[in-house]
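Residue-level structural notes
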Amino acid sequence: MRRTRILTLLLALGAGLLTGGPPTALAAEAPRAAVAADTYTWKNARIDGGGFVPGIVFSRTEKDLAYARTDIGGAYRWQEASKTWTPLLDHVGWDDWGHTGVVSVASDAVDPDRVYAAVGTYTNDWDPGNGAVLRSADRGASWEKADLPFKLGGNMPGRGMGERLAVDPHDNDVLYLGAPSGNGLWRSTDAGVTWAEVTAFPNPGDYAQDPSDASGYASDNQGIVWVTFDESTGSAGAPTKTVYVGVADKENAVYRSTDAGATWQRVAGQPTGYLAHKGVLDAENGHLYLAYSDTGGPYDGGKGRLYRYATATGTWTDISPVAEADTSYGFSGLTVDRQNPGTVMATAYSSWWPDTQIFRSRDSGATWTQAWNYTSYPDRVNRYTMDVSSSPWLTWGANPAPPEQTPKLGWMTEALEIDPFDPDRMMYGTGATIYGTENLTQWDSGGRFAIEPMVRGLEETAVNDLVSPPSGAPLLSALGDVGGFRHTSLTEVPPMMFTSPNFTSSTSLDFAEAKPDVVVRSGNLDSGPHIAFSTDNGATWFGGTDPSGVSGGGTVAAGADGGRFVWSPAGAGVHHTTGFGTSWQASSGIPAGAVVESDRVDPKTFYGFKSGKFYVSKDGGATFTASAAAGLPAGDSVRFKALPGRAGDVWLAGGAPDGPYGLWHSTNGGATFAKLPDVEAADTVGFGKAAPGASYQTLFTSAKIGGVRGIFRSTDQGATWTRVNDDAHQWGWTGAAITGDPRVYGRVYVATNGRGVVYGDTSGTDPGPGPDPTGACAVTYRITNQWSGGFQADVRLTNTGTGPWNGWSLKWPFANGQQVTQIWNAEHTRSGTTVTARNVDWNRNVAPGASVSFGFTGSWSGTNAVPSVFETAGGTCSVVT
């Protein structure tokens, strides 16, 4: 992926949130209606990754405990039993959407149950709220919040530096936080409950990526960028004496305190002209390693150095693996093997072409080897193998010429960590995934270490549009950066994103209602068409031709019969065509930038909306006429859709806190609209299969109803509403798109800005995973971790019969009142004290003699006894201890 591609995405995401982000308050309180609630099961439509992972943090105290942070999609905890990631910030709600951007994570080195996250997405006015530090005493299962008097920038330039948040390894009530925007260094002495500025710290930083940027995005001072403790200078129960701090200042990048933060001094003799992205201390050998770049990253950087500082003597040594003249990149990813502290690794994070580079030294940086080398240019030899079969889209469908390869080793590789308990395990973050290995030391013995994605469960895409056709694949998506996917199975990773062309960001997506195999999408691309068509339900694509002046994807609509299309691209006004976009004509009567949609019955009827006006075309988009409908939202934060099966039935959602805001319905093709009285605010609208006995399709919306923000369902044309999400499942901002499934009653697909596509099924009508197994079975139930009020368990179910299972379920009683809070590799329901776990799609088949495993976290009080009885449809299973 090219540098300009990532930069374009980041600025587009920022601009999108600036114009389309959630309002923070309503202008006036509307009457509140009573709202029912339903119990839904929520999952991700699997993509596995899809965005930048700037930080990975392993616990130094407990084996297999690790966290990952993303720039817009929250934080995650590693589940060793299933090799998956569990999301930790899905509870973040609409009003606090900025707290899904995570600028830093810190795992407590004294108490492994404690974890902290510094959250906030933008330091400029794109994010209206201030940052916060979240603290958890149960590994992120629940959180408390300390609000800060300034903003934090999880999606700002420099976000790959760090970690900015750190816990004192000797006195874990003491934490430090490096702040951006000139706000300096902050400290808590009560385990993150309260924070105060360290006024003695002399330098708040001065580096900005582009001081001339009027938006405040690239012109912000990147501030204090990392904090590192020298654990050799303290004892248990007393604050660590020596603390190092990295500052975004090319002349004064590293400071030190030797009196537990009372006074601070610039470290003498340090290199200048660079920013210190990371500072990692090897206390055993007395070495502070520093990775330097000439810029703050994560997508820029042309020169860099690696240095080693001797903490006892004050000696600085340039340990860079290549001469400065030979670098075209900066260094950032930096880690020490805690089992073998002389072993250190670093990344060339901004080496975009032909690939990133990873360096390894076993003698404290005196000599280095590289993950790959040239043999005879352009040919290269790799010390590693890569297997992306679990996330095959990581090849990008590319066929590059040497020295480029696919899949790439990575890009934006600012996170790099060796497991402190296992020298063979390393993970590193990229702009699209987490890669890892479990045989790293093969590097040293002349073999090749194996790299594969270690990202399952971590979903980080920004979703711009969603459709669920009545036939073919159940879900098609338009996504930022990775373009979009065709999901034929929601529980499996699609083999490839949309290609031919591969948009850097897809902005809009539609299908022909009467011919669902005809699909159109629009999007952004550095060079090439901004529109593409498919005649096989999105399986394959071909590019159209742009009208003159097109600069971005905009919105696009397909006529009901698949023979006409209307497109409102950026830069060129609204256009229409017959056929597949080989020739476009300008539409009249509708302003540039209008949102366009199609009627789902009449193939010649199209609709548009712009600045409070609704527009209608009856001639295939050639001419539009402004409707006389009044009272609609005055701004452009509006999304609307026409109902399948009923001509002229249109629903419109949107608005702003200083004007009309809510949900409107038209039954006469937009000539008039009626506002639903009980909907205080609404931002999306979509349709799904009608409820049993109902003739009108189910409505879904992301809205505020009855004083509550959430995802709502109506089965009676909006007369009454049921909230289908809950406070634990909010995903920040959900205002881009929503759709039901026309084939499964109750199923809803929700677009998030960083947590991918989430979908929910009502517990009452879930179609279920398949038939229950028959035949003998055996179960192993093992509690793998337990803490105050919580625990983690692994379950292995073995088919000891003679026939295969095509679907399975396992039930057991929790006699002591335990509750399952989160489960992986299975689905679960509860009735009274009995828990029933069922297969997911990918593990439904179990051959005779084979086993299937799943795990879960739960809550307990009093006693956490192991269940003694487990049953399948075939009878009681034997229990293996």
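The following refers to the structure shown.

About the criteria used
Residues numbered from 1 in each chain as written. Predicted model: local features only at pLDDT ≥ 70, side-chain atom pairs only at ≥ 80, totals over all residues. Heavy atoms only, no water. Phe/Tyr/Trp six-rings, centres within 6.5 Å; stacked < 30°, edge-to-face > 60°. Buried < 20%, exposed > 50% of the residue type's maximum accessible area, 1.4 Å probe, protein only. Helix = DSSP H or I, 4+ residues; strand = E, 2+ residues; numbered from the N terminus. Lys NZ or Arg CZ within 6 Å of the ring centre and 35° of its normal. Pairing = 2+ DSSP bridges. Axes fitted to C-alpha atoms, helices over the stretch in contact; angles between N-to-C directions. Disulfide = S-S within 2.5 Å. Core = buried A, V, L, I, M, F, W, Y, C linked by side-chain atoms within 4.5 Å. Contact = heavy atoms within 4.5 Å.

1. Structural notes on the packing of aromatic side chains
Throughout the structure, instances matching the rule amount to 48 aromatic pairs. Taking the centre distance of 5.1 Å and the plane angle of 15 degrees together, the rings of Trp-443 and Phe-449 count as stacked. Judged by relative accessible area, which is 2%, Trp-443 ranks as buried. Ring centres of Tyr-781 and Phe-856 lie 6.2 Å apart, and the angle between their planes is 55 degrees; on these two criteria the pair is classed as tilted. Note that Tyr-781 is positioned in strand β61 (residues 777-787) and Phe-856 in strand β69 (residues 851-859), a separation of 75 residues in sequence. Each member of the pair Tyr-781 and Phe-856 is classed as buried. In textbook terms, an aromatic cluster arises when at least three aromatic residues are bridged by ring pairs, as seen for Tyr-781, Phe-791, Trp-808, Trp-812, Phe-814, Phe-854, Phe-856 and Phe-870. For the cation-ring pair, Arg-380 lies above Trp-372, with the distance from its terminal atom to the ring centre recorded as 4.2 Å.

2. What to know about the sheet that holds strand β5 (residues 75-79)
Read from one edge to the other, the open sheet built from 4 strands follows the order β3-β4-β5-β6, with strand pairing classed as antiparallel. Two strands close off the open sheet at either side, each with one partner strand: β3 (55-58) and β6 (84-87). Taken over all neighbouring pairs, the strand axes of this sheet differ in orientation by 30 degrees on average, direction set aside. As judged from the 4 bridges shared by β3 and strand β4 (residues 66-69), these two strands associate in the antiparallel manner. Paired with Gly-55 across the two strands is Arg-69, which belongs to β4.

3. Regarding unusual backbone geometry
In this chain, Gly-297 is followed by Pro-298 through a cis amide linkage whose omega measures 5 degrees. Inspection of the secondary structure assignment puts Pro-298 in the loop between β20 (287-293) and β21 (304-310). With an omega of 0 degrees, the peptide bond running from Trp-353 to Pro-354 counts as cis. Residue position: Pro-354 is located in the loop between β24 (344-348) and β25 (357-361). If you check the backbone angles, Ala-260 has positive phi at about 60 degrees while not being a glycine.

4. Notes on the state of the cysteines
Enumeration over the complete set of coordinates arrives at 1 disulfide. At a sulfur-sulfur separation of 1.9 Å, the disulfide partner of Cys-777 is Cys-877. Judged by the sign of its S-S torsion, about -95 degrees, the cystine formed by Cys-777 and Cys-877 is left-handed. Of this pair, Cys-777 sits in strand β61 while Cys-877 sits in the loop between β71 (875-876) and β72 (878-879), and the two are 100 residues apart along the sequence. In terms of burial, Cys-777 and Cys-877 fall into one category: buried.

5. Here we look at the nonpolar core
Ranked by size, the top nonpolar core spans 52 residues in total, and within it Met-345, Trp-393, Trp-396, Leu-409, Tyr-428 and Leu-466 carry the most contacts. At the level of elements, β30 (415-418), β31 (426-429), β33 (449-453), β34 (463-467), β35 (475-479), β59 (748-751) and β60 (757-762) are the ones that each hand at least two residues to this core. If near-sequence neighbours (up to four positions away) are discounted, Met-345 is found in contact with Gly-333, Leu-334, Thr-335, Ile-358, Phe-359, Arg-360, Trp-368, Leu-416, Ile-418, Met-426, Leu-440 and Trp-443. Grouped together as the second largest cluster of nonpolar side chains are 23 residues, Phe-814, Ile-823, Ala-826 and Ala-837 included.

6. Notes on the environment of Pro-321
By the element assignment, Pro-321 lies in the loop between β22 (316-318) and β23 (334-336). Looking at Pro-321, the relative accessible area reads 22%, which means it is partly exposed. For the pair Pro-321 and Gly-754, spaced 433 residues apart in sequence, the C-alpha separation works out to 36 Å.

7. Here we look at the sheet that holds strand β18 (residues 265-266)
Across the sheet, 4 strands lie side by side as β15-β16-β17-β18; this open sheet has antiparallel pairing. Both edges of this open sheet fall to β15 (224-229) and β18, since each of them pairs with a single strand only. Bridge count between strand β16 (residues 243-247) and strand β17 (residues 254-257): 4 bridges; the pairing is antiparallel. Residue pairing for β17: Gly-246 is matched across the bridge by Val-254.

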